[in-house]
Amino acid sequence: MDAPVFDYMRRYNFKKLVLCNDSDSGLRAVIAIHSTALGPATGGTRMWTYASEEAAIMDALHLARGMTYKYAAAGLDFGGGKAVIIGNSKRDKSEALLRAFGRMINQLGGEYQTGEDVGTTLEDMEIIYSETDHLVTLPVHCGGAGDIAPATALGSVEAMRACAARVWGAPELKGRRVALQGLGAVGWSALGMLLEQGAEVVVCDTDQEKVARAVKDYGVQAVSPAEIYDQDVDIFAPYALGGIINPETIPRLKVKIVAGSANNIFADEERDAAALDGRGIVYAVDYVANSGGTILDTDRFRKGGFQPERAMANVRTIFKRTEAVFEIADREGISAYLAANHMAEARIEALNRVRLLG
Ligand code: NAI
(Lines give C-alpha, C1' and ligand atoms only; values in the text may rest on other atoms or scores of the structure.)
Protein backbone atom coordinates (compact mmCIF):
# COMPACT_ATOMS: atom_id res chain seq x y z
CA MET A 1 0.00 0.00 0.00
CA ASP A 2 1.28 3.42 -0.93
CA ALA A 3 1.02 5.66 2.18
CA PRO A 4 -2.79 5.93 2.05
CA VAL A 5 -3.04 6.88 5.72
CA PHE A 6 -1.87 10.48 5.57
CA ASP A 7 -3.67 10.99 2.26
CA TYR A 8 -6.92 9.90 3.87
CA MET A 9 -6.27 11.94 7.02
CA ARG A 10 -5.50 15.05 5.02
CA ARG A 11 -8.47 14.62 2.68
CA TYR A 12 -10.94 14.33 5.55
CA ASN A 13 -9.24 16.68 7.98
CA PHE A 14 -8.35 14.13 10.69
CA LYS A 15 -6.83 15.30 13.93
CA LYS A 16 -4.82 12.40 15.20
CA LEU A 17 -3.98 8.71 14.93
CA VAL A 18 -2.50 6.85 17.91
CA LEU A 19 -0.84 3.44 17.64
CA CYS A 20 -0.78 1.57 20.95
CA ASN A 21 1.48 -1.32 21.87
CA ASP A 22 1.87 -3.30 25.08
CA SER A 23 4.26 -6.18 24.52
CA ASP A 24 3.43 -7.93 27.82
CA SER A 25 -0.29 -8.31 27.22
CA GLY A 26 -0.02 -8.48 23.43
CA LEU A 27 -2.08 -5.33 22.94
CA ARG A 28 -1.92 -3.80 19.48
CA ALA A 29 -4.49 -1.09 19.06
CA VAL A 30 -5.27 1.93 16.92
CA ILE A 31 -7.11 5.00 18.20
CA ALA A 32 -8.32 7.33 15.45
CA ILE A 33 -9.46 10.83 16.38
CA HIS A 34 -11.27 12.49 13.52
CA SER A 35 -12.72 15.58 15.13
CA THR A 36 -13.12 17.20 18.53
CA ALA A 37 -14.96 20.23 17.14
CA LEU A 38 -18.18 19.48 19.05
CA GLY A 39 -16.64 17.71 22.06
CA PRO A 40 -14.40 14.77 23.00
CA ALA A 41 -13.86 12.28 20.18
CA THR A 42 -16.20 9.41 21.00
CA GLY A 43 -16.77 5.99 19.49
CA GLY A 44 -16.62 2.32 20.42
CA THR A 45 -13.71 -0.11 20.47
CA ARG A 46 -13.81 -2.89 17.89
CA MET A 47 -11.77 -6.07 18.33
CA TRP A 48 -11.19 -7.84 15.05
CA THR A 49 -8.68 -10.00 13.21
CA TYR A 50 -7.56 -7.76 10.37
CA ALA A 51 -5.87 -8.98 7.21
CA SER A 52 -3.13 -6.37 7.71
CA GLU A 53 -2.10 -3.53 9.98
CA GLU A 54 -3.06 -1.06 7.24
CA ALA A 55 -6.54 -2.58 7.13
CA ALA A 56 -6.91 -2.03 10.88
CA ILE A 57 -5.74 1.58 10.64
CA MET A 58 -8.01 2.35 7.69
CA ASP A 59 -10.98 0.75 9.44
CA ALA A 60 -10.39 2.89 12.55
CA LEU A 61 -10.10 6.04 10.43
CA HIS A 62 -13.19 5.26 8.37
CA LEU A 63 -15.28 4.46 11.46
CA ALA A 64 -14.03 7.51 13.40
CA ARG A 65 -15.11 9.83 10.61
CA GLY A 66 -18.53 8.17 10.59
CA MET A 67 -18.88 8.92 14.31
CA THR A 68 -18.28 12.65 13.76
CA TYR A 69 -21.28 12.68 11.43
CA LYS A 70 -23.41 10.45 13.64
CA TYR A 71 -23.03 12.65 16.73
CA ALA A 72 -23.43 15.90 14.84
CA ALA A 73 -26.56 14.68 13.03
CA ALA A 74 -28.01 13.43 16.32
CA GLY A 75 -27.59 16.89 17.86
CA LEU A 76 -25.05 15.64 20.41
CA ASP A 77 -21.94 17.50 21.54
CA PHE A 78 -19.33 14.86 20.81
CA GLY A 79 -16.63 14.53 18.21
CA GLY A 80 -15.78 11.45 16.18
CA GLY A 81 -13.31 8.77 17.23
CA LYS A 82 -12.94 5.03 17.10
CA ALA A 83 -10.52 2.41 18.36
CA VAL A 84 -9.68 -1.01 17.04
CA ILE A 85 -7.81 -3.72 18.87
CA ILE A 86 -6.11 -6.14 16.51
CA GLY A 87 -6.88 -9.72 17.54
CA ASN A 88 -9.42 -12.46 17.97
CA SER A 89 -11.92 -11.38 20.63
CA LYS A 90 -12.55 -14.99 21.70
CA ARG A 91 -8.90 -16.02 21.91
CA ASP A 92 -6.73 -12.96 22.48
CA LYS A 93 -8.75 -10.86 24.91
CA SER A 94 -7.56 -10.76 28.54
CA GLU A 95 -7.93 -8.53 31.55
CA ALA A 96 -4.30 -7.44 31.19
CA LEU A 97 -4.85 -6.47 27.54
CA LEU A 98 -8.03 -4.50 28.28
CA ARG A 99 -6.41 -2.73 31.23
CA ALA A 100 -3.36 -1.81 29.15
CA PHE A 101 -5.76 -0.40 26.57
CA GLY A 102 -7.58 1.53 29.30
CA ARG A 103 -4.31 3.13 30.38
CA MET A 104 -3.64 4.20 26.79
CA ILE A 105 -7.05 5.89 26.65
CA ASN A 106 -6.38 7.53 29.99
CA GLN A 107 -3.13 9.05 28.72
CA LEU A 108 -5.15 10.92 26.11
CA GLY A 109 -6.68 12.86 29.00
CA GLY A 110 -10.26 12.81 27.74
CA GLU A 111 -9.58 13.63 24.12
CA TYR A 112 -11.05 10.21 23.26
CA GLN A 113 -13.72 8.21 25.08
CA THR A 114 -14.86 4.74 24.22
CA GLY A 115 -17.65 2.18 24.41
CA GLU A 116 -18.48 -1.30 23.13
CA ASP A 117 -18.53 -2.38 19.51
CA VAL A 118 -18.12 -5.60 17.53
CA GLY A 119 -15.88 -7.95 19.58
CA THR A 120 -16.18 -6.04 22.86
CA THR A 121 -18.83 -6.22 25.58
CA LEU A 122 -20.22 -4.21 28.48
CA GLU A 123 -18.15 -6.44 30.80
CA ASP A 124 -15.01 -5.43 28.88
CA MET A 125 -15.97 -1.78 29.38
CA GLU A 126 -16.14 -2.35 33.11
CA ILE A 127 -12.56 -3.66 33.06
CA ILE A 128 -11.35 -0.69 30.99
CA TYR A 129 -13.21 1.56 33.46
CA SER A 130 -10.87 0.40 36.23
CA GLU A 131 -8.07 2.24 34.40
CA THR A 132 -9.85 5.28 32.99
CA ASP A 133 -13.00 7.35 33.44
CA HIS A 134 -13.22 8.07 29.73
CA LEU A 135 -16.02 5.69 28.82
CA VAL A 136 -19.45 6.32 27.39
CA THR A 137 -20.99 2.85 27.40
CA LEU A 138 -21.12 1.24 30.83
CA PRO A 139 -23.37 -1.22 32.68
CA VAL A 140 -26.09 0.28 34.86
CA HIS A 141 -24.24 -0.69 38.08
CA CYS A 142 -21.28 1.46 36.92
CA GLY A 143 -23.55 4.44 36.26
CA GLY A 144 -24.13 3.81 32.55
CA ALA A 145 -27.31 3.32 30.51
CA GLY A 146 -26.84 -0.48 30.22
CA ASP A 147 -28.55 -2.15 27.26
CA ILE A 148 -29.14 0.45 24.56
CA ALA A 149 -30.69 -1.84 21.92
CA PRO A 150 -34.34 -0.94 22.74
CA ALA A 151 -33.55 2.77 22.30
CA THR A 152 -31.83 2.01 19.00
CA ALA A 153 -34.90 0.05 17.93
CA LEU A 154 -37.26 2.88 18.90
CA GLY A 155 -35.22 5.42 16.95
CA SER A 156 -35.16 3.20 13.87
CA VAL A 157 -38.94 2.74 13.98
CA GLU A 158 -39.34 6.53 14.28
CA ALA A 159 -37.15 6.89 11.17
CA MET A 160 -39.35 4.32 9.42
CA ARG A 161 -42.45 6.33 10.36
CA ALA A 162 -40.88 9.49 8.90
CA CYS A 163 -40.26 7.55 5.67
CA ALA A 164 -43.90 6.39 5.72
CA ALA A 165 -45.06 10.00 6.05
CA ARG A 166 -42.97 10.89 3.01
CA VAL A 167 -44.30 8.03 0.91
CA TRP A 168 -47.94 7.77 1.99
CA GLY A 169 -48.56 11.17 3.59
CA ALA A 170 -49.04 9.72 7.09
CA PRO A 171 -46.58 8.09 9.50
CA GLU A 172 -48.82 5.24 10.65
CA LEU A 173 -47.45 1.75 10.07
CA LYS A 174 -50.78 0.00 10.68
CA GLY A 175 -51.42 -2.49 7.91
CA ARG A 176 -48.00 -1.90 6.29
CA ARG A 177 -46.08 -5.05 5.43
CA VAL A 178 -42.47 -5.17 6.61
CA ALA A 179 -39.67 -7.64 5.76
CA LEU A 180 -37.36 -7.63 8.79
CA GLN A 181 -33.82 -8.97 8.39
CA GLY A 182 -32.12 -9.99 11.66
CA LEU A 183 -33.72 -10.81 15.02
CA GLY A 184 -30.79 -9.78 17.22
CA ALA A 185 -30.82 -7.31 20.10
CA VAL A 186 -32.21 -4.43 18.03
CA GLY A 187 -34.27 -6.38 15.46
CA TRP A 188 -36.11 -8.33 18.15
CA SER A 189 -37.03 -5.15 19.98
CA ALA A 190 -38.12 -3.47 16.72
CA LEU A 191 -40.28 -6.49 15.86
CA GLY A 192 -42.31 -6.00 19.04
CA MET A 193 -42.75 -2.28 18.31
CA LEU A 194 -43.80 -2.84 14.71
CA LEU A 195 -46.40 -5.45 15.67
CA GLU A 196 -47.69 -3.14 18.39
CA GLN A 197 -48.20 -0.47 15.76
CA GLY A 198 -50.21 -2.85 13.63
CA ALA A 199 -47.64 -3.69 10.94
CA GLU A 200 -47.52 -7.17 9.38
CA VAL A 201 -43.98 -8.50 9.64
CA VAL A 202 -42.12 -11.23 7.75
CA VAL A 203 -38.88 -12.16 9.51
CA CYS A 204 -35.62 -13.97 8.80
CA ASP A 205 -32.42 -14.74 10.67
CA THR A 206 -29.54 -17.13 10.11
CA ASP A 207 -30.12 -18.30 13.69
CA GLN A 208 -33.06 -20.73 13.49
CA GLU A 209 -33.68 -20.59 17.24
CA LYS A 210 -34.48 -16.88 17.05
CA VAL A 211 -36.75 -17.45 14.07
CA ALA A 212 -38.60 -20.25 15.86
CA ARG A 213 -39.06 -18.01 18.92
CA ALA A 214 -40.48 -15.16 16.79
CA VAL A 215 -42.93 -17.55 15.11
CA LYS A 216 -43.96 -19.03 18.46
CA ASP A 217 -44.16 -15.78 20.47
CA TYR A 218 -45.62 -13.50 17.82
CA GLY A 219 -47.09 -15.80 15.16
CA VAL A 220 -45.18 -13.96 12.41
CA GLN A 221 -44.32 -15.47 9.03
CA ALA A 222 -40.69 -16.50 8.53
CA VAL A 223 -38.68 -16.90 5.33
CA SER A 224 -35.10 -17.97 4.67
CA PRO A 225 -32.38 -15.27 4.73
CA ALA A 226 -31.96 -15.70 0.96
CA GLU A 227 -35.65 -14.92 0.29
CA ILE A 228 -36.04 -11.80 2.40
CA TYR A 229 -35.28 -9.36 -0.44
CA ASP A 230 -37.98 -10.85 -2.71
CA GLN A 231 -40.94 -10.38 -0.37
CA ASP A 232 -44.02 -8.62 -1.64
CA VAL A 233 -43.98 -5.99 1.12
CA ASP A 234 -43.99 -2.20 1.62
CA ILE A 235 -40.86 -1.83 3.74
CA PHE A 236 -37.49 -3.58 3.88
CA ALA A 237 -36.03 -3.34 7.39
CA PRO A 238 -32.33 -4.24 7.74
CA TYR A 239 -31.35 -5.17 11.31
CA ALA A 240 -28.40 -7.47 10.64
CA LEU A 241 -25.50 -6.71 8.35
CA GLY A 242 -23.97 -3.90 6.34
CA GLY A 243 -23.53 -3.89 2.56
CA ILE A 244 -26.88 -5.58 1.89
CA ILE A 245 -28.22 -2.86 -0.42
CA ASN A 246 -26.23 -3.46 -3.58
CA PRO A 247 -26.67 -4.10 -7.33
CA GLU A 248 -27.65 -7.72 -6.65
CA THR A 249 -30.41 -6.95 -4.12
CA ILE A 250 -31.80 -3.58 -5.34
CA PRO A 251 -33.60 -5.00 -8.44
CA ARG A 252 -35.22 -7.66 -6.23
CA LEU A 253 -36.80 -5.19 -3.77
CA LYS A 254 -40.52 -4.55 -4.29
CA VAL A 255 -40.70 -2.03 -1.44
CA LYS A 256 -41.26 1.71 -1.17
CA ILE A 257 -39.04 2.14 1.92
CA VAL A 258 -35.74 0.84 3.31
CA ALA A 259 -35.34 1.62 7.02
CA GLY A 260 -33.75 -0.22 9.93
CA SER A 261 -30.76 -0.08 12.25
CA ALA A 262 -27.98 -1.84 10.32
CA ASN A 263 -24.83 0.23 9.85
CA ASN A 264 -23.41 0.96 6.39
CA ILE A 265 -26.35 -0.61 4.52
CA PHE A 266 -24.92 0.32 1.11
CA ALA A 267 -22.11 -1.68 -0.48
CA ASP A 268 -21.16 1.59 -2.23
CA GLU A 269 -22.84 4.68 -0.75
CA GLU A 270 -22.99 6.91 -3.79
CA ARG A 271 -23.82 4.23 -6.35
CA ASP A 272 -26.42 2.35 -4.31
CA ALA A 273 -28.11 5.43 -2.82
CA ALA A 274 -28.53 6.73 -6.38
CA ALA A 275 -29.94 3.37 -7.48
CA LEU A 276 -32.57 3.45 -4.70
CA ASP A 277 -33.43 7.05 -5.63
CA GLY A 278 -33.71 5.95 -9.25
CA ARG A 279 -36.26 3.32 -8.29
CA GLY A 280 -38.18 5.82 -6.16
CA ILE A 281 -37.41 3.94 -2.94
CA VAL A 282 -37.23 6.20 0.12
CA TYR A 283 -34.56 5.24 2.64
CA ALA A 284 -33.70 6.30 6.16
CA VAL A 285 -30.03 7.23 6.37
CA ASP A 286 -28.53 4.55 8.61
CA TYR A 287 -26.48 6.69 10.96
CA VAL A 288 -29.45 8.97 11.66
CA ALA A 289 -31.92 6.07 12.01
CA ASN A 290 -29.70 4.04 14.36
CA SER A 291 -28.58 6.85 16.68
CA GLY A 292 -31.18 6.13 19.40
CA GLY A 293 -28.85 4.00 21.53
CA THR A 294 -26.14 6.62 21.28
CA ILE A 295 -28.57 9.32 22.34
CA LEU A 296 -29.63 7.30 25.39
CA ASP A 297 -26.07 6.36 26.22
CA THR A 298 -24.77 9.91 26.29
CA ASP A 299 -27.63 11.56 28.14
CA ARG A 300 -25.78 11.24 31.45
CA PHE A 301 -23.16 13.72 30.17
CA ARG A 302 -25.80 16.42 29.76
CA LYS A 303 -26.74 18.93 32.45
CA GLY A 304 -28.53 17.30 35.37
CA GLY A 305 -27.11 13.83 34.72
CA PHE A 306 -29.05 10.87 33.30
CA GLN A 307 -32.74 11.64 32.86
CA PRO A 308 -34.51 8.76 31.11
CA GLU A 309 -37.53 10.81 30.04
CA ARG A 310 -35.41 13.49 28.44
CA ALA A 311 -33.28 10.82 26.78
CA MET A 312 -36.22 8.95 25.29
CA ALA A 313 -37.85 12.19 24.10
CA ASN A 314 -34.59 12.96 22.37
CA VAL A 315 -34.55 9.48 20.78
CA ARG A 316 -37.98 10.27 19.31
CA THR A 317 -36.54 13.37 17.60
CA ILE A 318 -35.10 10.91 15.08
CA PHE A 319 -38.47 11.29 13.34
CA LYS A 320 -37.87 15.02 12.84
CA ARG A 321 -34.21 14.54 11.99
CA THR A 322 -35.12 12.07 9.26
CA GLU A 323 -37.67 14.57 7.91
CA ALA A 324 -35.02 17.32 8.04
CA VAL A 325 -32.74 15.12 5.91
CA PHE A 326 -35.49 14.78 3.29
CA GLU A 327 -36.06 18.55 3.30
CA ILE A 328 -32.37 19.19 2.61
CA ALA A 329 -32.35 16.48 -0.10
CA ASP A 330 -35.36 18.10 -1.82
CA ARG A 331 -34.02 21.63 -1.50
CA GLU A 332 -30.53 20.82 -2.75
CA GLY A 333 -31.57 18.14 -5.24
CA ILE A 334 -29.23 15.56 -3.70
CA SER A 335 -29.52 12.06 -2.22
CA ALA A 336 -30.65 11.63 1.38
CA TYR A 337 -27.16 10.33 2.13
CA LEU A 338 -25.44 13.53 1.08
CA ALA A 339 -28.21 15.55 2.72
CA ALA A 340 -27.53 13.89 6.10
CA ASN A 341 -23.83 14.68 5.71
CA HIS A 342 -24.69 18.31 4.94
CA MET A 343 -26.93 18.47 8.02
CA ALA A 344 -24.08 17.22 10.22
CA GLU A 345 -21.50 19.53 8.66
CA ALA A 346 -23.81 22.53 9.04
CA ARG A 347 -24.14 21.86 12.78
CA ILE A 348 -20.38 21.57 13.25
CA GLU A 349 -19.81 24.80 11.35
CA ALA A 350 -22.57 26.71 13.14
CA LEU A 351 -21.38 25.72 16.62
CA ASN A 352 -17.79 26.52 15.80
CA ARG A 353 -18.84 29.98 14.64
CA VAL A 354 -20.69 30.48 17.93
CA ARG A 355 -17.56 29.48 19.84
CA LEU A 356 -15.38 31.88 17.86
CA LEU A 357 -17.81 34.72 18.62
CA GLY A 358 -17.87 33.80 22.33
P1 NAI B 1 -26.94 -8.59 16.92
O2 NAI B 1 -25.64 -9.25 16.66
O3 NAI B 1 -27.58 -8.72 18.27
O4 NAI B 1 -28.03 -9.09 15.86
C5 NAI B 1 -27.76 -9.33 14.51
C6 NAI B 1 -28.69 -10.46 14.08
O7 NAI B 1 -28.58 -10.64 12.67
C8 NAI B 1 -28.34 -11.82 14.72
O9 NAI B 1 -29.52 -12.40 15.24
C10 NAI B 1 -27.78 -12.62 13.55
O11 NAI B 1 -28.02 -14.01 13.69
C12 NAI B 1 -28.54 -12.04 12.39
N13 NAI B 1 -27.93 -12.23 11.09
C14 NAI B 1 -26.62 -12.28 10.76
N15 NAI B 1 -26.47 -12.50 9.44
C16 NAI B 1 -27.73 -12.54 8.92
C17 NAI B 1 -28.23 -12.72 7.61
N18 NAI B 1 -27.44 -12.88 6.56
N19 NAI B 1 -29.59 -12.73 7.43
C20 NAI B 1 -30.41 -12.58 8.49
N21 NAI B 1 -29.98 -12.40 9.76
C22 NAI B 1 -28.65 -12.39 9.97
O23 NAI B 1 -26.75 -7.05 16.54
P24 NAI B 1 -27.62 -5.81 16.97
O25 NAI B 1 -27.00 -5.16 18.15
O26 NAI B 1 -29.06 -6.20 17.01
O27 NAI B 1 -27.38 -4.81 15.74
C28 NAI B 1 -28.05 -4.98 14.50
C29 NAI B 1 -27.50 -3.96 13.50
O30 NAI B 1 -27.74 -2.63 14.00
C31 NAI B 1 -26.00 -4.05 13.26
O32 NAI B 1 -25.74 -3.69 11.92
C33 NAI B 1 -25.42 -3.00 14.19
O34 NAI B 1 -24.19 -2.50 13.73
C35 NAI B 1 -26.50 -1.93 14.11
N36 NAI B 1 -26.53 -1.05 15.27
C37 NAI B 1 -26.78 -1.55 16.53
C38 NAI B 1 -26.85 -0.72 17.62
C39 NAI B 1 -27.21 -1.23 18.98
O40 NAI B 1 -27.70 -0.44 19.82
N41 NAI B 1 -27.04 -2.52 19.27
C42 NAI B 1 -26.60 0.74 17.49
C43 NAI B 1 -26.37 1.17 16.13
C44 NAI B 1 -26.32 0.29 15.09
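Reading the values: rules and limits
- Residues numbered from 1 in each chain as written.
- Predicted model: local features only at pLDDT ≥ 70, side-chain atom pairs only at ≥ 80, totals over all residues.
- Heavy atoms only, no water.
- Helix = DSSP H or I, 4+ residues; strand = E, 2+ residues; numbered from the N terminus.
- Rg over C-alpha atoms; globule rule 2.2 N^0.38 Å.
- Buried < 20%, exposed > 50% of the residue type's maximum accessible area, 1.4 Å probe, protein only.
- Areas by Shrake-Rupley, 256 points an atom, 1.4 Å probe, with all protein chains shown as cover.
- Lys, Arg positive; Asp, Glu negative; His and termini not counted.
- Charge placed at Lys NZ, Arg CZ, Asp CG, Glu CD.
- Pairing = 2+ DSSP bridges.
- 1 Å grid on protein atoms, 1.4 Å probe; cavity = no way out; pocket = protein on both sides within 12 Å on 5 of 7 lines; lining within 4 Å.
- Points joined across faces, edges and corners; volume = space filled by probe spheres on them.
- Nonpolar A, V, L, I, M, F, W, Y, C, P; charged D, E, K, R; others polar.
- Near = heavy atom within 4 Å.
- Polar contact = N/O pair within 3.5 Å; in protein donor to acceptor, adjacent residues only side chain to side chain.

Novice: It is not clear to me how the overall build of the protein should be interpreted in this structure. Could you clarify?
Specialist: Regarding its fold elements, the protein presents 13 helices and 12 strands. The globule rule puts the C-alpha radius of gyration for 358 residues at 21 Å, and the 20 Å found for the protein is close to it. In terms of overall dimensions, the protein has a C-alpha envelope of 55 × 50 × 50 Å along the principal axes. When each of the 358 residues of the protein is scored for burial, the buried share is 54%. As displayed, the protein has an accessible area near 16,000 Å², and 50% of this comes from carbon and sulfur atoms. With 38 positive and 47 negative side-chain charges, the protein shows a spacing of 4 Å between the two charge centroids.

Novice: Which parts of the structure should I look at to understand the pairing of strand β10 (residues 235-238)?
Specialist: Every regular strand shows the same layout, with side chains that alternate between the two sheet faces. A two-sided burial pattern is seen for β10, the buried positions comprising Ile-235 and Ala-237 on one face and Phe-236 and Pro-238 on the other. Pairing between strand β7 (residues 177-181) and β10: four bridges, direction parallel. From the neighbouring strand, Val-178 faces β10, where its bridge partner is Ile-235. Summarising the sheet, β10 and strand β11 (residues 257-258) pair through two bridges and their orientation is parallel. Its bridge partner being in β11, Phe-236 is matched across the sheet by Val-258.

Novice: Mind showing me how you'd approach empty space enclosed by the protein here?
Specialist: Any space left empty among the atoms is revealed by the rolling of a water-sized probe across them. What the rule picks out here adds up to one cavity of 30 Å³ or more. Looking at the lining of the largest cavity residue by residue, the class counts come to six nonpolar, two polar and one charged.

Novice: Explain the site of the ligand here, please?
Specialist: Contacts to the ligand come from 23 residues, most closely from Thr-152, Val-186, Asp-205, Lys-210 and Ser-261. In this structure, Thr-206 approaches the ligand through a side-chain N or O atom, which is 3.4 Å from an oxygen atom. Starting from 830 Å² of accessible surface for the ligand in isolation, the protein chains cover 71%. Listed by contribution, the elements that provide at least two residues to the shell around the ligand are α5 (149-168) and α6 (185-196). Per-class residue counts for the shell around the ligand are 11 nonpolar, eight polar and four charged.

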